[in-house]
Amino acid sequence: MKITIATKNVTKTYGKGEAALKALDNISLDIKAGESVAIIGKSGSGKSTLMHTLALLDKPSKGSVLVNGEDASRMSGRQLDTLRNKSYGFVFQQFFLNANDTVLNNVILPLKIAGVGRRERNKRAIEVLKAVELEDKAGSKAANLSGGQKQRVCIARALINNPSVIFADEPTGNLDSVTGKTVEDLLFKLNREQGITLVIVTHDKDIAARCGRQLHIKDGKLTGRGEI
Amino acid sequence: MKSIDLLQTASSNMLRSKARTLLTVIAIFIGAMTITLTNGIGTGIKSYLNRQIGNLGATNVMMIQLTDKNAPGPGSASSAPAAYNPQQKTQASGMRGEVRQLVMTSRDISTIKSIPNITSATPEHVLSADYIMGTGGKYQLSLQQQFGSTTADMLTGRGVGIASAQNQITLPDNYVSPLGYTDQTIIGKPITIGITSAEGKQSTVVATVTGVQQKTLIGASAAFINTALANQLYAIQSTGLPSATADSFSSVEATFPTSLTDAQITTLKNALSAKGYSGQTIKDRENTVFTVINVIIIVFDMFGAIALLAASFGIINTLFMAVQERTKEIGLMKALGMSPKRIFTLFSIEAALIGFWGSALGVGFAALLGKVINTVATKGFLKDFPGLTLLTFPLTTVVAVIVGIMLIAFLAGTLPAFRASRKDPIEALRYE
């Protein structure tokens, strides 16, 4: 399924009154299916909040997030959960792998949540582990992997449900430049070959440059487009 | 998430912090074991007593006595003494004659028989035989008339036929070999009972042995005899007594249809008390004993319950820590589309699993311990109580204890599980 994501005058405020902090200030944007978009900004600029809002993990204080034109605030909790489970993939800077569990078990988590049977999800897991070239590590404990391998496991986990959109929050932030490059290549290959929409939060200028579009954010406001 | 996956995930989550889980399981283990053991003892003693009380008579038998308005007892001190009734006889019994019993006569029998649902009423005479004789010497023996259909605990043979025209008797097992027989060979053999009349003349009566009684706790050394034998013995015993004395007894054994409901039995008792009698069924006598046992068991169960209460706080604590530790994981699962309800279920299952393992191990260990105690006890201090299994564990009790504790554990887990389900995925995933 192709998914377009749009925001309309999205504002996110933390706290109340004098102490109120605007993490997002009147943001309107459109992300088309198959696009690759970088959200760039300094730490505290609101870029993570924007990604969380786009990924429907967080609700805006004002304004609305539209998924295929439908207002997300009108969707039920279950609909949102299903949408994230079936159509979104997540890659985090800190991996969030269960260190004591096997690579396979980490990768199948979204399918397990979706209620897919053991045989089907294991078959799918081998496919996605092949895509990230880690099929031989399926039985290893996640704790025994290198940083780059861990992030590739995360990508495999994000891929297992055939997502329309992958949200990546600083995907190379914890990696050295060589392994970071591998992960980066992998993400853009998915974008290019499978048409998966990429939304990458980063302060890495090289990654941002490889994206089709860059959204600069400063103090919760979009400051410009297209330039790095 | 599928149920099987939830169960499996909860199970492996439980084992993540093994030492912590083990300690919580031990706390539940202690509670479960205590409750199982006390209940096991209770059930064991109760089922033994049930069989023992079966020796006292059938369940459709009621012992009827005159209600003594002067009887010492709570509240009787303030009540006025009963007015003299020339038709009412009394006799003193007990060591110093302090127990006064109202004496019943055949007039009472006809009154009792006129009450609806009473199918028979037989006077309970005190029979004192001189001796009992088999193929060898003579031995002393006390006799007890059997009323209603017998449920006595038999070692071999069967109980006496109440209505049989033949004189029948069952004997305590320790009489068998002195009488010159074995448990098997004595069945169907005649034995002789010697009895002296009021005039001082000794006669003998022959009776057939129908069974050998299990050694018992209640009415331990009495032989049970049927109506035919009892009537014949009393006829001899009372020969020469003034007719008014011969026709006097302290209680009547009445039977009622076995089909009566508890409510109908109560109505029957009320009808009796309206006529100045008080009736007591075997069940009533049983209940008096059981009330005492139940109180003791409840006290012990309280200790178990306290242990479980402490253990449930252990569960709450364990799970709160687990929720804290797994904040990120919960956040991730929520981000990946797991509903709060499922998160709640996941943690609740984990709590119930801790309860399951604690209780299953506790119950299992208690059963094992029970087996050892039973073996030791029947060879040791309970040697004189054949047929008594000190600890009995019916499956229903075992299942009830496990399910009950799982429920307690589940309830204890709801608080942390609710907290887990409310975790904000953003909060959980935010970089520290």
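Residues numbered from 1 in each chain as written. Chains lettered and ligands numbered in written order. Predicted model: local features only at pLDDT ≥ 70, side-chain atom pairs only at ≥ 80, totals over all residues.

Participant: Hey, could you go over the overall build of chain B for me, with residue numbers and the actual values?
Facilitator: The helix and strand tally for chain B stands at eleven helices and 14 strands. Counting only residues that meet the buried cut, chain B has 36% of its 432 residues in that class. Considering only contacts within chain B whose residues lie at least 6 apart along the sequence, 83% involve residues at least 24 apart. (Helix = DSSP H or I, 4+ residues; strand = E, 2+ residues; numbered from the N terminus. Buried ≥ 20, exposed ≤ 12 C-beta atoms within 10 Å, placed from the backbone. Contact = placed C-beta atoms within 7 Å.)

Participant: Any details on the interface of chain B and chain A? Residues and values, ideally.
Facilitator: Contact with chain B, which involves 17 residues of that partner, is made by 21 residues of chain A. Among the elements of the structure, helix H8 (327-335) and helix H11 (425-429) of chain B are those that each provide at least two residues to the side of chain B that touches chain A. In terms of residue count, the dominant contributor to the side of chain B that touches chain A is H8(B) (five residues). Across the side of chain B that touches chain A, the residue classes break down as ten nonpolar, two polar and five charged. (Nonpolar A, V, L, I, M, F, W, Y, C, P; charged D, E, K, R; others polar.)

Participant: Provide a residue-level description of the nonpolar core, including the pertinent values.
Facilitator: By size, the foremost hydrophobic cluster in this structure holds 118 residues, and its most contacted members are A:Ile39, A:Val107, A:Ile155, A:Ala156, A:Val199, B:Ala351 and B:Ala409. A total of twelve residues in this core trace back to one element, the largest contributor, which is helix H9 (residues 340-379) of chain B. If near-sequence neighbours (up to four positions away) are discounted, B:Ala409 is found in contact with B:Ser312, B:Ile315, B:Ala351, B:Ala352, B:Ile354 and B:Gly355. Residues B:Leu179, B:Ile186, B:Ile195 and B:Val209 belong to the second largest nonpolar core, which totals 25 residues. (Core = buried A, V, L, I, M, F, W, Y, C linked by C-beta atoms within 7 Å.)

Participant: Any details on the pairing of strand S7 (residues 142-145) of chain B? Residues and values, ideally.
Facilitator: Put simply, side chains in a regular strand alternate between the two faces of the sheet. Residues and elements named next belong to chain B. Here S7 shows a buried face lined by Leu143 and Gln145 and an unburied face lined by Ser142 and Gln144. Bridging between S7 and strand S12 (residues 222-225) involves four bridges; their strand directions are parallel. Counterpart to Gln144 in the pairing with S12 is Phe224. (Pairing = 2+ DSSP bridges.)

Participant: I'd love a proper account of the packing of helix H7 (residues 282-325) of chain B against helix H10 (residues 395-421) of chain B, names of residues and values included.
Facilitator: Residue and element names in this part refer to chain B. Contact geometry of H7 with H10 gives a least axis separation of 9 Å together with a crossing angle of 30 degrees. One element, H7, and the other, H10, form an angle in the roughly parallel class. Crossing angle aside, the handedness with which H7 passes H10 is right-handed. Residue-level contacts link Leu308, Ser312, Ile315, Ile316, Leu319, Phe320 and Val323 of H7 to Ile405, Ile408, Ala409, Ala412, Gly413, Leu415, Pro416, Ala417, Arg419 and Ala420 of H10. Partitioned by chemical class, the residues of the contact of H7 with H10 number 14 nonpolar, two polar and one charged. (Axes fitted to C-alpha atoms, helices over the stretch in contact; angles between N-to-C directions. Parallel < 35°, antiparallel > 145°, perpendicular 65-115°, else oblique. Left-handed = near helix turned anticlockwise from the far one by under 90°.)

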